[in-house]
Amino acid sequence: MKQRISLLLALLLCLSLALTGCEGQAADTDSDAVTDSDAVSGSADAEAVALLDTDEMFTDRDYEVGYDESECVVITLNGDSASCDSDSVTVSGSTVTITDEGTYLLTGSLTDGMVIVDADDSDKLQLVLDGVDICSGTSAALYIRQADKVFLTLASGSENTLSNGGSFVDIDENSIDAVIFSKDDLTLNGSGTLTVQSPAGHGIVSKDDLVITSGTYDITADSHGLSGKDSVRISEGAFTIVSGKDGVHAENADDSSLGYLYIAGGTFDITAEGDGLSAESILQIDGGTFTVTTGGGSANGESDRNDSWARFGGMQYSADSSDEDTASVKGVKSSGDLVLNGGTFTVDAADDALHSNADLTVTGGTYTLSSGDDGMHADGTLTITGGTLNIVTSYEGIEGQSIDLSGGVISVTASDDGLNASGGNDESGYAGFGGGMDAFSADTDCTLTISGGTLTVTAGGDGIDSNGSLTVTGGTVWVDGPTDSGNGALDYGTEATITSGTFVALGTSAMAVNFGSSSTQGCMLVTVNTQQAGTEISLADSNGTVLVSGTAGKSYNSVLISCPGLAQGETYTLTTGSDSTEITLSSLVYSSTGGGMSGTMGDNRGGRGEMR
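Residues numbered from 1 in each chain as written. Predicted model: local features only at pLDDT ≥ 70, side-chain atom pairs only at ≥ 80, totals over all residues. Heavy atoms only, no water.

Draft legend 1. A look at the overall build of the protein chain. Tallying secondary structure elements over the protein chain gives three helices and 54 strands in all. Put simply, 60% of the contacts in the protein chain that link residues at least 6 apart link residues at least 24 apart. Taken as a whole, the protein chain presents about 21,100 Å² of accessible surface, with 43% of it coming from carbon and sulfur. (Helix = DSSP H or I, 4+ residues; strand = E, 2+ residues; numbered from the N terminus. Contact = heavy atoms within 4.5 Å. Areas by Shrake-Rupley, 256 points an atom, 1.4 Å probe, with all protein chains shown as cover.)

So, in structure tokens, the structure goes:
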């Protein structure tokens, strides 16, 4: 959406189509699908990126779920009281307090009571829940006031329920606000089931590290489902979370190196009124299966922001509102770096599906993303080296200050820009052309680089847009661009260069631009008779060898093609629907309007070509 300052000139001069050649016979390109070989190579996961020392995430004891029942201290819960014959356990009415390290086996129920761990700060304790049901009317069902570390084990085959009655009343200097509330390290494991119900607060909170290595969890909470101050670390488990705030949340306001979230595996079904997964520091996911819905889903996002001209007035919408009463409703969010090395994700978010306030990196995994705003957003650099990503619906598909695509199979559907390299935090919204009048200015800090992978874009705004530079050195790209005259299938602020790869962009001729003269691979920008969605497009050399072919996903009258091997001085046949045109590539960067008009706008046009 840059270069609009030359809009009137562009409307006259952008009636062109660019095609670039292929060395030998290029792989076919299709707007609806990629070739099998492309899909296999593109979807292969790339080398994982480690922001966290994953070897230090879990200890052997975190995984230990065994216990010798004959050596356990047995605590029997009896409705409004409890019984135990150990000196390390005291019972006062319906409050059970454990004061020493050891292994404790709990059974039975408390109708309005709680279990408190108040041991030495060097003690490690294991609490085994075997058919436990505890409801605390005004506090935590399990409160870990002090210990070195507590291991909460769900006995094999057991079903356990911990709940709060609807309010939290302080019982000491700590503000207890969760059904399970721990001041120290807490690990949950086992092969049983734990149901947590918190109508007035969080589900499970640790003010230190929260670690989960196994178990089945059904959590309903008015606030966060799972929350850890120093970290949340999950290696396995099955989680169903319904939360009034974030599904899983990690935050340490006192130490920016902490407050991180690490997930190595597990199955997650999260419905959140806040963010699905959120970390104030680093968020790294190496595996798992995630179904995440936030803020009611993409249908509840800022709607009907598709009219670029209507946004010209500068009404500002910000997905990162500073209003404290405005909840963040992103799918997977990190205030620091976000790294996704693997997993299967189905995200339906009212705001960004994947979001980082720093850098976002995807090296592998499978993603189906629906967003009311950006499918993927990074304030810094957004990098994709592998994985299969399908952005089903979005306002802008992929946005970052810098975007670097070197692998993966990526499909983007956006009502505005498909890819947008733009500076600052979350440029999308009612800000005119991507940021008000400043959108007319190029930003040299913004870069968009494509060096590999397979990318398919369907966009209502610009198909591929960089406020700064665009560099293509490989990969396969197909763009079904806009059908209005205010946007282009390709747009950039400073320069665009292609040296290798296959690149096809369809759209309207009014704002069509070509790669720049620094390109070393041939490219053609040609205006054709208006064609409808579903028509076939192909480019063949003088021997009849088809270099590029595909099916248009939308109507168009402008075609830009570049592929390895297009040679200056050679003649090619471009077929669009029932029309065929012979084109002699008189210059490496070729533009023609078919009506005799061609020209330059900055570095966006190649020299005049010949049509025969």
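Draft legend 2. Structural context of the packing of aromatic side chains. The final tally for this structure, using the stated rule, is nine aromatic pairs. Note on Tyr143 and Phe181: the rings are 6.1 Å apart at their centroids and 55° apart in plane angle, and the pair reads as tilted. Of this pair, Tyr143 sits in strand E9 (residues 142-146) while Phe181 is found in strand E12 (residues 178-182), placing the two residues 38 residues apart along the sequence. Each member of the pair, Tyr143 as well as Phe181, carries the same accessibility label: buried. Relative to Tyr367, the ring of Phe345 lies with its centre 4.8 Å away and its plane at 5°, an arrangement referred to as stacked. Of this pair, Phe345 sits in strand E29 (residues 344-349) while Tyr367 sits in strand E32 (residues 366-371); the two residues are 22 residues apart in sequence, bridging distant segments of the chain. Like Tyr367, Phe345 is buried. Connected via pairs of aromatic rings, a cluster forms that spans Tyr217, Phe239, Phe268, Phe290, Phe345 and Tyr367. (Phe/Tyr/Trp six-rings, centres within 6.5 Å; stacked < 30°, edge-to-face > 60°. Buried < 20%, exposed > 50% of the residue type's maximum accessible area, 1.4 Å probe, protein only.)

Draft legend 3. Just the environment of Gly336, in detail. Residue position: Gly336 is located in the loop between strand E27 (332-334) and strand E28 (338-340). Note: C-alpha distance between Gly336 and Ala358 (22 residues apart in sequence) is 5.1 Å. Those residues in contact with Gly336 that sit more than four places away from it in its chain are Glu280, Ser281, Ser356, Asn357, Ala358 and Asp359.

Draft legend 4. Region of interest: the environment of Gly288. Its place among the elements puts Gly288 in the loop between strand E25 (283-285) and strand E26 (289-294). Look at Gly288 and you get buried, because its relative accessible area is 18%.

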